[in-house]
Amino acid sequence: VEVEKAYIAPAPPADFGDDVSNQLPHAISMQQHPELLSFDQRYHVEEFRIAEIREADYITFCLERWIKYAVANMRNDSSDRQSDAQSSTSDDRLNSWISSLARILLRSVLFYIDSASVIISGAGSDIVKETRQLLPPNEVNLHLAQLRKEQRALTMISSSLIKISFSSDTMCNLLICFGGLQVKIGNPHIQQRARRSNISNNDSSSSVRRWKWYTIVQPFDAVAELKGVLPFIVYSLNYDHYWEERVLGLHLSVSSEISLTASPNNLHTLFLHLDDYLDANSPFNQWFEWLKRCHLQTLNSSSTEKETYCRSYDRTNLGRAEVLSQAQMKVLEKKMRCSEIMTLRCISMRDRWRVPKESTEFEDYLARSRSEINSDIDDLAEESSSPFQRTYPSAPEALVTLVTEKSSIFAPKIELKCLVGTLNIHFPSDDEEALCVGRQQTIPSVLSVSSISFSVEQVHPLFAVDKNQAVDRRRQFVGLSVQANDLHWTVCDVDLAKNLRLPRFPDKSFVGIAYKSPQENHQKNVLDINMSLSVTPTPQEDLHISVNLSSSDVTLIGNPLPLQSACQCLLDLSNLPFQEITELHLGEDSVAKAQSDNYEGALSTTVTADIGRTSILFLVDVQEVSCGLLHFAINRVQMKSTSLGMAGEVLVSNEPFVLSAAQVTRNQPNSQGSCFDLTMLPFKPIITIIGAEIAIRAEILQMDGLGPQQMELDVAMGVKSTEIKASPSTTAALIGASQSLITIVELENNTRDEEVSHEEKLQKDKMRSIQDQREALLKTFRIAGVTSVDTLEEDDIEKLIHLNCNGQSNHAQHLTQTEIEREKDFVRLLAGESLTLDKINTMLFRFANGIDDSNFASTLQTAGVGC
């Protein structure tokens, strides 16, 4: 499957208004280029026009089935029948038949897909970054859309084998087995454009294009299990009264190692090709949001039309003159939002949509949502997107909110779990394009993390409350957990490490960056992250984020050269090419209608960290481990950070910090898999810090006037005791360890100086090339007999073309008439009809440097040259 990425939008629909194109985000180009691929506007506009009606019809269907289901259950409860088959409702029986039939059909399904791949064609990260620097925002995406296929990068997600089947148990879960799943990036390796002076009939090298492929994710095997298939089929085909009690889940298990190459340039290209799912401000997402809000501007119905719609919806009024037909009602519905349609339908059907008084579910909903019914309020009161603390004019309006939340795709519990045996992250080597220019020699390393488990659980906040829990408490709706049992970060290029004389352990392996501590008894994970999102049951739905971080049994080594390379790579990776945020300038009515889609609640956070049994080793000598180590032991550090609005505080406390001397005493890996053992030397600790505490509180004060904001900052620090023992040997060790840390700063300064020198050399070479071109230009014009004030005729242009082509090659070239006319068109395109020496000077400058005239214009200006 091949997918070509689009970057620009077509002309807006005529019913959007005359000046609507001026309201587009500046990242979207509206220039008329019908030959370029653009977003599918017709499909989305049609979806917008029927989406509100489709949603209103589905809610109406669920509402009527809910009432029917509640009445049937009430009758069954009041009867004396004891049989489950007799007491079940018609929906229960139909859903049971659907499940049985689907189970029989799915068990017989078995698919094999051999060598499947998806290829996405789009601009690479280097081109995108360069274009955003050179061109204004309203021209960037137009330029990216004009890139030819051979100039675009490719992202290929492929699998050598895919097997699709369903489990044989009663759950009938979907099973997908992937064999050889991998991700590759193909960067265009385009030959430099052949100069027009070297074009001949037999030269076709200028059209040769190819891609250089990089493997981002090495092939691995995985099994995905999708749970809740049968309930989802029932939900899709019929009304499921217990849909919010179902469980949907995706469990992913990786049976082999996953090897990821953390190349910044290639990962950024992958990000750009998938930015529609990763970047809320990507070109498509900006345009989609703009199109949606423009559509909302077209939704406008009068009070008379609404009154007519109310009278017409109740079909018991058929026969009256003022009743509309079904077609006329559809026309009116296209002018309204779903909430308006449902409000009018509730008014019309208030006497027929009656909630049974014995329905405990409806009463529980009002209690859980902290809502009430008040018949004294206006029927057309302002709608809210939140189900909490609502006041409804009647029971049908409240029932609409209930069935809307019950029938949502996010109403059931959703689980996502992933188990990975080993994840290897390869930090790029010296041949990566993103790191090799003007940088210190990069030292490749591998971060291996073992026994990784990742899980996410989502529940609807309306149904997440327990019966024994207070209804006004915060309700967790998302929980995330990440655990890792083991890690080691090592140097992987042995030859480069030998040349740089990197330090080695006694077993001759090179010293890395991080390891799991060689403890005899350690049951804790090296990393444990738990995060939860919860909301308050209020109309604003204030969001609270809680993060708990726990780390234990980790040894970090201050190895300057590998550490500097890894940090530089991480910095490059963090610079993701996000699209610039654009404000959408729309009418006030549209903004008011779209406010319900924006989150306006308060945000509060709680972050706690517990770091225990962590060691930091400082090398006394950056090349010899045998010279000794300084062991900085962190027994335990606890940190808590809270924030609410514009205020927050941080509390840090610790158990003793100890800095002491140590050495490596073992030559072979032990049973725990660690490649070294530490032995504390029989000396007293150099530094011991007990009971250090830090408390920081900050608050930003909002000023009433137009003056600057003010921040209040309170810092409190305290230490119970500090003990320092100095001796000549420990002083020398501290100096050596400090020197190893200073090495990182020196490397960064040297790298910066090399980058400056590299840029200066490029600038000098550029100026020298310009001077050589000017001299060659003067020589060509002297031979042609053209002065600086002459206007070139057709014969002069043709003569200059022949002189330029034959003068820069070792053999005479015979140009065809087609090639001559093409060169003339190229000259006219740059210089216009009036051709002078100054214009030809600029044109030949671009021509001699191989600058693509169909893409970038030259950033250098050349002055006129006299003969």
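Conventions used here
The written sequence of each chain sets the order in which its residues are numbered from 1. For this predicted model, a pLDDT threshold of at least 70 governs which residues receive local features, and a threshold of 80 or more governs which side-chain atom pairs are given and counted, while totals over whole chains, interfaces and linings are taken from all residues. Here the side-chain values reflect all heavy atoms present in the structure, with hydrogen atoms and water set aside. By definition here, a salt bridge exists when the distance from a side-chain nitrogen of Lys or Arg to a carboxyl oxygen of Asp or Glu is within 4 Å. Helix and strand assignments come from DSSP, with helices taken as H or I runs of at least 4 residues and strands as E runs of at least 2, each series counted from the N terminus. Exposure categories follow from relative accessible area, calculated using a 1.4 Å probe and restricted to protein chains: below 20% of the type maximum is buried, above 50% is exposed, and the middle band is partly exposed. Like-charged residues are merged into a patch within 9 Å and nonpolar side chains (Val, Leu, Ile, Met, Phe, Trp, Tyr) within 5 Å, provided each residue has over 30% relative accessible area and no salt bridge. Throughout, the Shrake-Rupley method with a 1.4 Å probe supplies accessible areas, and for residues the shown protein chains are the sole cover considered. Only the contacting stretch of a helix is used when fitting its axis, a line to C-alpha atoms as for every element, and angles between N-to-C directions run 0 to 180 degrees. Reported orientations rely on four angle classes, namely roughly parallel under 35 degrees, roughly antiparallel over 145, roughly perpendicular from 65 to 115, and oblique for the rest. Every residue pair with non-hydrogen atoms within 4.5 Å of one another is taken to be in contact. Only strands joined by at least two bridges in the DSSP assignment are considered to pair. In protein, a polar contact requires one atom able to donate a hydrogen and another able to accept it; more generally it is a pair of N or O atoms within 3.5 Å, and residues adjacent in sequence count only if both atoms are side-chain atoms. Here, the term nonpolar core denotes a set of buried Ala, Val, Leu, Ile, Met, Phe, Trp, Tyr and Cys residues that are joined through side-chain atoms within 4.5 Å.

**Quick word on the pattern of salt bridges**
Tallied over the entire structure, the rule returns 21 salt bridges. A salt bridge links D275 to K5; the shortest N-O distance between them is 2.8 Å. A residue pair is termed long-range when its members are at least 10 positions apart, and D275 in helix 8 (residues 275-278) and K5 in the loop between strand 1 (2-4) and helix 1 (41-78) qualify at 270 residues. Each member of the pair D275 and K5 is classed as buried. One salt bridge connects D91 with R65, and the closest N-O pair in it is separated by 2.2 Å. Residue D91 is located in helix 3 (residues 90-107), and its partner R65 is located in helix 1; the two are separated by 26 residues in the primary sequence. Just as D91 is buried, R65 falls in that class too. Three or more residues are tied together by salt bridges with common partners; here these are D57, K330, E333 and R345.

**Topic: unusual backbone geometry**
Residues apart from glycine generally show negative phi values, whereas peptide bonds are mostly found in trans. The phi angle at S115 is positive, at roughly 55°, despite the residue not being glycine. In this structure, S115 sits in strand 2 (residues 110-122). The exposure class assigned to S115 is exposed, which follows from its relative accessible area of 57%. Unusually for a residue other than glycine, S451 sits at a positive phi of about 55°. Looking at the secondary structure, you find S451 in strand 11 (residues 445-458).

**Looking at a nonpolar patch on the surface**
A cluster of nonpolar residues, I694, I696, M711, L713, V715 and M717, forms a patch on the protein surface that exposes about 590 Å² of accessible area. Only strand 22 (693-701) and strand 23 (710-718) provide two or more residues apiece to the nonpolar patch. Here the element with the most residues in the nonpolar patch is strand 23; it accounts for four residues. Following the sequence through the fold, I696 ends up in strand 22. A residue is classified by how much of its surface remains accessible, and I696, at 33% relative accessible area, is partly exposed.

**A closer look at the packing of helix 4 (residues 125-134) against helix 7 (residues 264-273)**
Running from N to C, helix 4 and helix 7 point in directions that differ by 80°, and their axes come no closer than 8 Å. In terms of axis orientation, helix 4 runs roughly perpendicular to helix 7. On helix 7, the residues that touch S125, D126, V128, K129 and R132 of helix 4 are N265, H268, T269 and L272.

**A look at the pairing of strand 14 (residues 527-535)**
In terms of strand pairing, strand 12 (residues 475-491) meets strand 14 through nine bridges, oriented antiparallel. In the sheet register, Q476 faces strand 14, and the bridge partner there is S534. Sheet analysis places strand 14 next to strand 15 (residues 543-558), joined by nine bridges and oriented antiparallel. Across the sheet, the residue bridging to I529 is L549, located in strand 15.

**Digging into the side chain of Q579**
With respect to the helices and strands, Q579 occurs in the loop between helix 17 (560-574) and helix 18 (588-594). Residue class for Q579 comes out buried when judged on its relative accessible area of 12%. In terms of polar contacts, Q579 uses its side chain to reach the side chain of R132, at 3.2 Å.

**Focus on the nonpolar core**
Grouped together as the largest cluster of nonpolar side chains are 36 residues, with contacts concentrated most on W66, Y309, F362 and L399. With nine residues, helix 1 is the largest single contributor of residues to this core. Apart from residues no more than four positions distant in its own chain, F362 is found in contact with W66, V355, I373, A395, A398, L399 and L402. Judged by nonpolar contacts, the second largest core, of 29 residues, contains V183, V254, L267 and W489.

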